[in-house]
Amino acid sequence: MVLVPVGTVISSLFVPAGDVWQHLVETTLAGLLVNTFWLAVGVAAGSALLGVSLAWFTAVCEFPGRKFFSWALLLPLAIPAYVTAFVALGLFDYIGPVQTALRTWLGPDLFWFPDIRSRLGVIIVMVLAFYPYVYLLARNAFLTQGKRSLEVAQSLGFNRTQGFFKLALPMARPWIAGGTMLALMETLADFGTVAVFNYDTFTTAIYKAWFAMFSLTAASQLASLLIVIVFAVIIVEQQFRSRMRYAETRQSAKAIPIPLTGWRAWLISGFASGTLFFAFLLPVMQLGIWAVAVVERDFDQRYLEFLWHSLLLSAFAALLTCTVALLMVYAARRCPDSATRGAVHISTIGYALPGAVLAVGIFIPIAWLDGWLSEMAMQLFHIETGLLIQGTLVTMLIAYMTRFLAVSHSPIDSAMQRVTGSIDEAAMGLGLSGWATLCRVHLPILKGGIFTAAALVFVDVMKEMPITLMTRPFGWDTLSVRIFEMTTEGQWEQAALPAVTLVLAGLLPLIFFMRQTES
Amino acid sequence: MTAIFCFAIFFGPSASHAEQVVVYSARIEQLIKPMFDAFTKDTGINVKFVTDKEGPLLARLKAEGKNTPADMLITSDAGNLWEAAQEGLLRPVESKTLQANVPAYLHDPRNQWFGLSVRARTIIYNTQKVKPSDLSTYEALAEPQWKGRLCLRTSKKVYNQSLVAMMIAEHGAARTEEIIKGWVANLAIDPLSDETKAMEFVAAGRCDVTIANSYYYGRLMQKNPALPLAIFWPNQEGSGVHVNISGAGITKYAHNVPAATRLLEFLSSEEAQNLFADVNMEYPVNPRVKPDPAVAAWGTFKQNTINVTTAGELQAEAVKLMDRAGYR
């Protein structure tokens, strides 16, 4: 199912696309690749650094506000990245309130302000938006490592810092790599954030070839190239860790947090609050201010409907996607050959494709199938069926699954690495059937991973735009559709209301899933 | 899975037999729904619609082929309508009403699509730093006197692409490329992602002039009347102000051509044109309809009357030209 859309995109490679390629190569391609490369490296490194450190502190150390931060640091996940981007620009741009105030106090010549419309600016915004992927997964890893690993580290004569770098960090690698891959794929697929900054990336070229030069073929070819790049990255990452084993020998006791005291504790509190402030509070406050200005005029009965649609779609998509991911992980476990592994990788690659391109890749085969079905019905039974699949929620759910399989696969796959062969053998020795092993042995171990996956998919579907726009049935508008409607014309005040609703609606499942992971 | 299918059947498209027109619209809901509501009130015909960007809507129409549920396509620029006609997605509409309501330069010569509102692209300047007498044409903004004083929206926006396409039609590619290079050389800051921001930069004195659609200016001034900004209508001695349209065509495989034609005619009628122009401070296409008073206050101007089809025909070339000139 997932192969078909990706295949549809890749099949464009064999269709000549005229002179669009030549033009790109002659003019902008080199610059785009450099931009994309630095953005990818910057966001991956930044997200990993921020995500892992915050995960470590909240999972293992005790400092003021730890309980609060452990879930609050996930909140930025509920804010679409381009919203963070717009707020950041709105506040820190030359014409924004911060710089304007500084100019008023210090005079226009006396002060210097870093240019937010820069490569670093885009990277910072994306790191703030995407670090929770790493945070959520890495935290899950550190929590499930239990205290045994740290005890072992201490018995080997390592201090805490060494224990972290020599033991805990390498052991958490599948999780960290998984989270970073998600952030990276999200970065490569992003269009909204870079568009707000007018920072040209590979995605920009894809959209330009399609929307401005009317060549969907050239756009798909560029997208195929993107698939190849991502595939290469995945393979390299896999090679690096293929010879490692990550299993705990037994379910270990919950770690007792290391108490931090004095300035260290407060430093970490400050670090966590700073991240939370810039990644979540500031955007939400700005959105809130905008939303209040329009709430009376814009808020109506329909918002309940948008909200209901968003929640319903997200819940179903999370359920479906996690189930499929679980099946995939099991398939790869049962037949660990390279063909299965390859198939699994390909099926998660939809996440790195720009949404609109993927939406078309999904839509074309479905429309074709629909046409074929109605043709058959006409010929065999002489009835006019109209469109059967298209315009139903089935299409939407398949599309979401195609896009977000990577998001659910990563945490579940990482969790699966904890289930060793010896666990299975022990279960068999105890006379448990395959099903009983799954329910009583595997699922408890996988629980954290599954809930993490569900939370991620849920929030991602809430925010998703291009696929929702393309595949929704008539009248099935969601909060993100509403945001699209308002932002296309740059009306941010009006977009703020659905955006705030979306953020608030995304919070509840996040907190719920987080609590499930903890317990 | 079974549950999902049951669910889908339950919530899926229902076969309704009331008369209706199905519209794929790239013009966003709040700028199109008032017109649909008025149409339904007048005729009893329901309008079902989805909104999306032009590119995905065209791809969708094409993929659906003759199974498409869509009767009508609405876009917010001429280029995509031209492209839809090129791809064979639209059908000609013979209608005396439309011919009378929509001037020839604002519809397709083969009548496959019609403009419904006019979007005028104009020059906005800082009233404290620029005198209207300093300004003349789009082309003149490439001259050295504007060095470091120009702000522009990104070349990725279709409004700039069609402006440049029209310039190619008028001056040829070589001369146009020189002009665009001149613009780029005069930029005070890198191109911005939206027009409102560009105008705010002008108002803040970071730059002195920008090019923007007049309704963006209208919206900004409504919110913040104190800004030191004003409109200048360029190219009045020559070919006139560049205009684009938002417009519509009837799809080739429309199920309900008569109702769709009625809707299209209604949208060009005086009743709908008043709404069209007022909800977004655009200009009506129908010459018998006056613009909104707030819009009329910006003064009258001469429009460029090259057929807007040109914007579509030359769009791809314009994009390449801007890439070569380094206009991001």
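Residues numbered from 1 in each chain as written. Chains lettered and ligands numbered in written order. Predicted model: local features only at pLDDT ≥ 70, side-chain atom pairs only at ≥ 80, totals over all residues. Heavy atoms only, no water.

## Quick word on the overall build of chain B
Right, so step 1: A count of helices and strands for chain B gives 14 helices and 10 strands.
Right, so step 2: Whereas a compact globule of 328 residues would reach a radius of gyration of roughly 20 Å, chain B reaches 21 Å, a difference of no more than 12%.
Right, so step 3: Seen through its principal axes, chain B has C-alpha atoms that stretch 65 × 40 × 40 Å.
Right, so step 4: Of the roughly 11900 Å² that chain B leaves accessible, carbon and sulfur atoms contribute 54%.
Right, so step 5: One way to put it: in chain B the 34 positive side-chain charges average out to a point 3 Å from where the 34 negative ones average out. (Helix = DSSP H or I, 4+ residues; strand = E, 2+ residues; numbered from the N terminus. Rg over C-alpha atoms; globule rule 2.2 N^0.38 Å. Areas by Shrake-Rupley, 256 points an atom, 1.4 Å probe, with all protein chains shown as cover. Lys, Arg positive; Asp, Glu negative; His and termini not counted. Charge placed at Lys NZ, Arg CZ, Asp CG, Glu CD.)

## Section: the pairing of strand 3 (residues 72-75) of chain B
All names here are of chain B.
Right, so step 1: Side chains Met72 and Ile74 of strand 3 all project onto a buried face; the interleaved residues Leu73 and Thr75 project onto the opposite face, where all are buried too.
Right, so step 2: Sheet topology note: the strand 3/strand 9 (residues 242-251) ladder contains 4 bridges and is antiparallel. Looking across to strand 9, one finds that Leu73 is bridged to Gly249. (Buried < 20%, exposed > 50% of the residue type's maximum accessible area, 1.4 Å probe, protein only. Pairing = 2+ DSSP bridges.)

## Comments concerning the packing of helix 2 (residues 33-43) of chain B against helix 11 (residues 270-280) of chain B
Angle between the axes and distance between the axes: these two values describe a pair of packed helices.
All names here are of chain B.
Right, so step 1: In contact at an axis separation of 9 Å, helix 2 and helix 11 are set at 160 degrees when each is read in the N-to-C sense. When the axes of helix 2 and helix 11 are compared, the pair comes out roughly antiparallel. Judged by the sense of rotation from one axis to the other, the crossing of helix 2 with helix 11 is right-handed. Contact residues: Pro34, Met35, Ala38 and Asp42 in helix 2; Glu271, Ala272, Leu275, Phe276 and Val279 in helix 11.
Right, so step 2: Of the residues that constitute the contact of helix 2 with helix 11, the class distribution is 7 nonpolar, no polar and 2 charged. (Axes fitted to C-alpha atoms, helices over the stretch in contact; angles between N-to-C directions. Parallel < 35°, antiparallel > 145°, perpendicular 65-115°, else oblique. Left-handed = near helix turned anticlockwise from the far one by under 90°. Contact = heavy atoms within 4.5 Å. Nonpolar A, V, L, I, M, F, W, Y, C, P; charged D, E, K, R; others polar.)

## Structural notes on helix 21 (residues 479-487) of chain A
One turn of an α-helix holds 3.6 residues; hence residues three or four places apart share an orientation.
Right, so step 1: In terms of burial, helix 21 of chain A is largely enclosed, as 9 of its 9 residues are buried.
Right, so step 2: Residues Leu479(A), Ser480(A), Val481(A), Arg482(A), Ile483(A), Phe484(A), Glu485(A), Met486(A) and Thr487(A) constitute the buried set of helix 21 of chain A.

## Regarding the interface of chain B and chain A
Right, so step 1: The interface is formed by 60 residues belonging to chain B together with 55 residues belonging to chain A.
Right, so step 2: Summing the contributions of chain B and of chain A, the shared interface buries around 5300 Å²; its carbon and sulfur component is 61%.
Right, so step 3: The interface formed by chain B and chain A includes 7 salt bridges.
Right, so step 4: Counting across the chain B and chain A interface gives 18 residue pairs in polar contact (both at pLDDT 80 or more).
Right, so step 5: A per-class count over the side of chain B that touches chain A returns 27 nonpolar, 13 polar and 20 charged. (Buried area = accessible area lost by both parts, 1.4 Å probe. Salt bridge = Lys/Arg side-chain N within 4 Å of Asp/Glu carboxyl O. Polar contact = N/O pair within 3.5 Å; in protein donor to acceptor, adjacent residues only side chain to side chain.)

## A short note on the packing of aromatic side chains
Right, so step 1: One pass over the full model with this rule turns up 29 aromatic pairs over all chains.
Right, so step 2: Judged by centre distance (5.2 Å) and plane angle (75 degrees), the ring pair of Phe37(A) and Trp38(A) falls under edge-to-face.
Right, so step 3: Three or more aromatic residues link up through ring pairs in this structure, and these residues are Trp56(A), Phe142(A), Phe164(A) and Phe165(A).
Right, so step 4: Across from the ring centre of Tyr94(A), 5.2 Å away, lies the NZ or CZ of Arg206(B), which sits over that ring. (Phe/Tyr/Trp six-rings, centres within 6.5 Å; stacked < 30°, edge-to-face > 60°. Lys NZ or Arg CZ within 6 Å of the ring centre and 35° of its normal.)

## Focus: helix 16 (residues 355-381) of chain A
Right, so step 1: A rise of 1.5 Å per residue sets the reference length of helix 16 of chain A, with its 27 residues, at 39 Å; its end C-alpha atoms lie 38 Å apart and thus fit the reference within 8%.
Right, so step 2: Of the residues flanking the end of helix 16 of chain A, it is His382(A), one or two places downstream, whose phi is positive at about 55 degrees. (Expected span 1.5 Å × (residues − 1).)

## Let's talk about unusual backbone geometry
All names here are of chain A.
Right, so step 1: Even without being a glycine, Asn198 presents a positive backbone phi close to 50 degrees.
Right, so step 2: Within the secondary structure, Asn198 is located in the loop between helix 10 (192-197) and helix 11 (202-212).
Right, so step 3: Exposure remark for Asn198: the relative accessible area of 2% places this residue in the buried category.
Right, so step 4: Although it is not a glycine, Phe214 sits at a positive phi angle of roughly 55 degrees.
Right, so step 5: Locating Phe214 in the fold gives a position in the loop between helix 11 and helix 12 (216-241).

## Considerations on the pattern of salt bridges
For side chains of opposite charge, pairing can occur when their charged atoms come near one another.
Right, so step 1: Summed over all chains, the structure comprises 26 salt bridges over all chains.
Right, so step 2: The salt bridge involving Lys463(A) is made with Asp460(A); its shortest N-O contact spans 3.7 Å. Of the two residues, Lys463(A) and Asp460(A) are both situated in helix 19 (residues 434-463); the distance of 3 residues between them amounts to about one turn of the helix.
Right, so step 3: For Glu282(B), the salt bridge identified is with Arg119(B), shortest N-O distance 2.7 Å. A residue pair is termed long-range when its members are at least 10 positions apart, and Glu282(B) in the loop between helix 11 and strand 10 (283-284) and Arg119(B) in strand 5 (residues 114-126) qualify at 163 residues. This pair shows no difference in class: Glu282(B) is buried, exactly as Arg119(B) is.
Right, so step 4: Several salt bridges converge on common partners, so that one network encompasses Asp200(A), Lys156(B), Asp190(B) and Arg328(B).

## Describing a nonpolar patch on the surface
Right, so step 1: A cluster of nonpolar side chains, Val34(A), Phe37(A), Trp38(A) and Val41(A), forms an exposed patch at the surface whose accessible area comes to about 380 Å².
Right, so step 2: Within the secondary structure, Val34(A) is located in helix 3 (residues 29-60). (Patch = residues over 30% accessible without salt bridge, like charges linked within 9 Å, V, L, I, M, F, W, Y side chains within 5 Å.)

## Description of the side chain of Asn256(B)
Residues and elements named next belong to chain B.
Right, so step 1: Within the secondary structure, Asn256 is located in the loop between strand 9 and helix 10 (257-268).
Right, so step 2: At 3.4 Å, the side chain of Asn256 and the side chain of Glu19 are in polar contact.
Right, so step 3: Among all residues touching Asn256, those that are not within four sequence positions of it are Glu19, Gln20 and Asp71.

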